[in-house]
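# Observations on chain architecture
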Amino acid sequence: MSTIEISDHKQVHTIRQYYRWQSKIYDATRWSFLFGRNLIIKCIPLDVKGEYQILEVGCGTGHNLRNLALHFPKARITGLDASADMLSIAQNRTRQYSERIQLVEKPYVLGEEGFREQYDLVLFSYSLTMINPQWEELLQQAYNDLKPGGFIAVVDFHNSRFNWFKRHMGNNHVRMDGHLLPALSKLYKTVFVRILKAYAGVWEYVLFVGRK
Ligand SMILES: C[S@@+](CC[C@H](N)C(=O)[O-])C[C@H]1O[C@@H](n2cnc3c(N)ncnc32)[C@H](O)[C@@H]1O
């Protein structure tokens, strides 16, 4: 049974409202700043021929779902997202792979038992920095949902030395203060980690692959 607390309702409501309009310009704009999304998939140490179960939390318009389906041609992939507007774009984009890609419209929450130890890989791509303050609970939930030895892969904003930029991102519901990496490396065994600069260092983004 999923246990959605009042604070989760607020976060989910805010995000759904935000993406009602942003979904219409998402793919036309995000290529210019959501860096590392293609690279993170290449960093996952799983044999591409494997019959894996993969979950992407906050799959949005399906950019990664399509790439995952191409990279792992025998995998079954679940894309979960709280926003119906984002998922309707993902549905069009992944139609070609609809036998292997399942889309689920609901928020990811701590306490959900339905996915327990089902996944070989859980991907969070630019979702954790938007899930505030529950992001740490969701790392634990992903741990619960991974099979023993399964992998978590994360690509997301890391930090910026410019407070004006952090404020700007905060206005767009993104928390950017280097908070993800310490929590990830505490809960998971680090397999791969890189911090890379965007636009000559206006901000940094992080790629992390860890093992349960
Ligand atoms: C910046 S977008 C990233 C989309 C996609 N992963 C990508 O890389 O393009 C963040 C996504 O996370 C979703 N999201 C935010 N909070 C969520 C939650 N609690 N549960 C599930 N999805 C959530 C939003 O609806 C949105 O589609």
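The notes below deal with the structure included here.

Cut-off values and rules
Residues numbered from 1 in each chain as written. Predicted model: local features only at pLDDT ≥ 70, side-chain atom pairs only at ≥ 80, totals over all residues. Heavy atoms only, no water. Near = heavy atom within 4 Å. Polar contact = N/O pair within 3.5 Å; in protein donor to acceptor, adjacent residues only side chain to side chain. Areas by Shrake-Rupley, 256 points an atom, 1.4 Å probe, with all protein chains shown as cover. Helix = DSSP H or I, 4+ residues; strand = E, 2+ residues; numbered from the N terminus. Buried < 20%, exposed > 50% of the residue type's maximum accessible area, 1.4 Å probe, protein only. Arc of directions from axis to C-beta. Contact = heavy atoms within 4.5 Å. Pairing = 2+ DSSP bridges. Right-handed = clockwise from strand over helix to strand, strands pointing away. Core = buried A, V, L, I, M, F, W, Y, C linked by side-chain atoms within 4.5 Å. Axes fitted to C-alpha atoms, helices over the stretch in contact; angles between N-to-C directions.

Another point: the site of the ligand. The full set close to the ligand counts 23 residues, and Y26, R37, G58, D81 and S125 are the nearest of them. Within the contact set of the ligand, an oxygen atom lies 2.7 Å away from a side-chain nitrogen or oxygen of R37. When isolated, the ligand has an accessible area of 600 Å², and the protein chains bury 98% of it. If you list the elements that add at least two residues to the shell around the ligand, you get helix 1 (6-30) and strand 2 (76-81).

To continue, consider helix 7 (residues 180-187). Every buried residue of helix 7 is accounted for by L180, L181, A183 and L184. All buried residues of helix 7 project into a common sector of 165° when viewed along the axis, lining one side.

What follows concerns the side chain of T129. By the secondary structure assignment, T129 is in the loop between strand 4 (119-125) and helix 5 (135-145). With near-sequence residues (within four places) excluded, T129 lies in contact with D156, F157, H173, V174, R175, H179 and L180.

Before going further, it helps to examine the pairing of strand 2. With 5 of 6 residues buried, strand 2 is to be regarded as a mostly interior element. For strand 1 (residues 53-57) and strand 2, the ladder comprises 5 bridges, and the chain directions are parallel. Paired with I54 across the two strands is I77, which belongs to strand 2. Crossover connection from strand 1 via helix 3 (residues 63-71) to parallel strand 2: handedness right-handed. Relative to strand 3 (residues 101-105), strand 2 runs parallel, the two being bridged by 5 bridges. Across the sheet, G79 pairs through a bridge with L103, a residue of strand 3. For the crossover from strand 2 across helix 4 (residues 84-93) to strand 3, the handedness is right-handed.

Another point: the nonpolar core. By size, the foremost hydrophobic cluster in this structure holds 42 residues, and its most contacted members are I40, I54, L68, F72, I77, L121 and F157. Here L68 is in contact with I41, I54, I77, L121 and L123, once residues within four sequence places are set aside. By size, the runner-up hydrophobic cluster in this structure holds 25 residues, among which are V104, Y108, W135 and V206.

Read from one edge to the other, the open sheet built from 7 strands follows the order 3-2-1-4-5-7-6, with strand pairing classed as mixed. With one partner strand each, in any of the chains shown, strand 3 and strand 6 (189-198) form the two edges of the open sheet. Sheet twist, expressed as the mean angle between neighbouring strand axes with direction ignored, is 15°. As paired strands, strand 1 and strand 4 are joined by 4 bridges and run parallel to one another. Bridge assignment links E56 to a residue of strand 4, and that residue is L123. Contacting strand 2 and strand 3, helix 4 runs over the sheet at an angle of about 165° to strand 3.

The subject of this paragraph is the environment of V206. Take V206: it is sitting in strand 7 (residues 203-211). Judged by relative accessible area, V206 falls into the buried class, the value being 1%. Placed 10 residues apart in sequence, V206 and L196 show a C-alpha to C-alpha distance of 6.3 Å. With sequence-adjacent residues up to four places away left out, V206 is seen in contact with V154, V155, D156, F157, H158, L181, V193, R194 and I195.

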